[in-house]
Amino acid sequence: EFRNTLLELGFNALVSDPCVYSRRRDQNMTIIVTHVDDCQGISSSETERDLVHKQIAQKYKFTIKPDPNKFLILGILVELLPDGSRKISMPHYISELINKYQLTDCAPLSTPWDHNVTLSLNDSEIAEERDPSFAAAVGGLMWPSCTVRPDIAYAVQSVARFTKTPTNAHWT
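Scoring rules and cut-offs
- Residues numbered from 1 in each chain as written.
- Predicted model: local features only at pLDDT ≥ 70, side-chain atom pairs only at ≥ 80, totals over all residues.
- Heavy atoms only, no water.
- Buried < 20%, exposed > 50% of the residue type's maximum accessible area, 1.4 Å probe, protein only.
- Helix = DSSP H or I, 4+ residues; strand = E, 2+ residues; numbered from the N terminus.
- Contact = heavy atoms within 4.5 Å.
- Polar contact = N/O pair within 3.5 Å; in protein donor to acceptor, adjacent residues only side chain to side chain.
- Phe/Tyr/Trp six-rings, centres within 6.5 Å; stacked < 30°, edge-to-face > 60°.
- Core = buried A, V, L, I, M, F, W, Y, C linked by side-chain atoms within 4.5 Å.
- Pairing = 2+ DSSP bridges.
- Axes fitted to C-alpha atoms, helices over the stretch in contact; angles between N-to-C directions.

Caption draft 1: How the structure looks around unusual backbone geometry. Not every positive phi belongs to a glycine, and aspartate 26 is a case in point at roughly 50°. Judged by relative accessible area, aspartate 26 falls into the exposed class, the value being 69%. Of note in this structure, glutamine 102 is not a glycine but carries a positive phi near 50°. Tracing the chain through its elements places glutamine 102 in the loop between α3 (91-100) and α4 (132-147). Relative accessible area serves as the criterion here: at 69%, glutamine 102 is assigned to the exposed category.

Given below as structure tokens:
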């Protein structure tokens, strides 16, 4: 239904990504990205942005984020900094992982990997039963390592090799 509304308002879905819509009017351009029940938009002018808000509000009730310099999309927090650069992070998602896997007592490190540590599969340390939460925790870290935290990709990949038979050393 929302798709039809955007099409009626003169937006066109991109062929390369049908969840992205664009509209060009005179010298103005607006792009709207949709995902399930959420959408983000950007316009070339405040006047155009306000017009799009008004047009969509005629059919749908929606809220506009109070801080235009900070928004959350797909779990990623995007912040516009005073110098014009952008900062992306996942503080809510990372906090959820830490709490879910009871890692609140872990000490933070300045680097994500200690290069003096060599992980191995020591048979005496193998748990008798496979720990499914280890694989889930590693899988949970894949998303941030591919999006906002490429600095942890090596560490995540290194421990991922031990998801079949993790030991306590692999958790730490």
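Caption draft 2: Structural view of the environment of lysine 59. Relative to the helices and strands, lysine 59 is located in the loop between α2 (46-57) and β5 (70-73). Its relative accessible area of 47% is what places lysine 59 among the partly exposed residues. For lysine 59 and phenylalanine 2, which are 57 residues apart along the polypeptide, the C-alpha to C-alpha distance reads 9.2 Å. What lysine 59 contacts, discounting residues up to four positions off in sequence, is Thr5 and Glu8. A polar contact is formed between the side chain of lysine 59 and the side chain of threonine 5, at a distance of 3.5 Å.

Caption draft 3: A look at the packing of aromatic side chains. All told, the structure shown has one aromatic pair when counted by the stated rule. Plain terms: the ring middles of phenylalanine 2 and tyrosine 60 are 5.3 Å apart, the flat faces sit at 75° to each other, and that makes the pair edge-to-face. Of this pair, phenylalanine 2 sits in helix α1 (residues 2-8) while tyrosine 60 sits in the loop between α2 and β5, placing them 58 residues apart in sequence. Taking relative accessible area as the criterion, phenylalanine 2 reaches 23% and is therefore assigned partly exposed. Looking at tyrosine 60, the relative accessible area reads 21%, which means it is partly exposed.

Caption draft 4: Here's a closer look at the nonpolar core. With nine residues, the main nonpolar core is built from Trp113, Leu119, Phe134, Val138, Ile152, Ala155, Val156, Val159 and Phe162. Elements that contribute at least two residues to this core include exactly α4 and α5 (153-160). Residue contributions to this core peak at three residues, all from α5. Beyond its immediate stretch of four places on either side in the chain, alanine 155 contacts Pro112 and Trp113. With six residues, the next largest nonpolar core counts Leu6, Ile32, Val52 and Ile56 among its residues.

Caption draft 5: Local environment of the sheet that holds strand β1 (residues 12-13). Sheet architecture is open: four strands sit in the order β1-β2-β3-β4, paired in antiparallel fashion. Bordering the open sheet on either side are β1 and β4 (38-43), each of which pairs with just one other strand. With six bridges connecting them, strand β2 (residues 20-25) and strand β3 (residues 28-35) associate as antiparallel partners. The residue of β3 that forms the bridge with arginine 23 is threonine 30. Across the face of the sheet, α2 comes into contact with β2, β3 and β4 while running at roughly 120° to β2.

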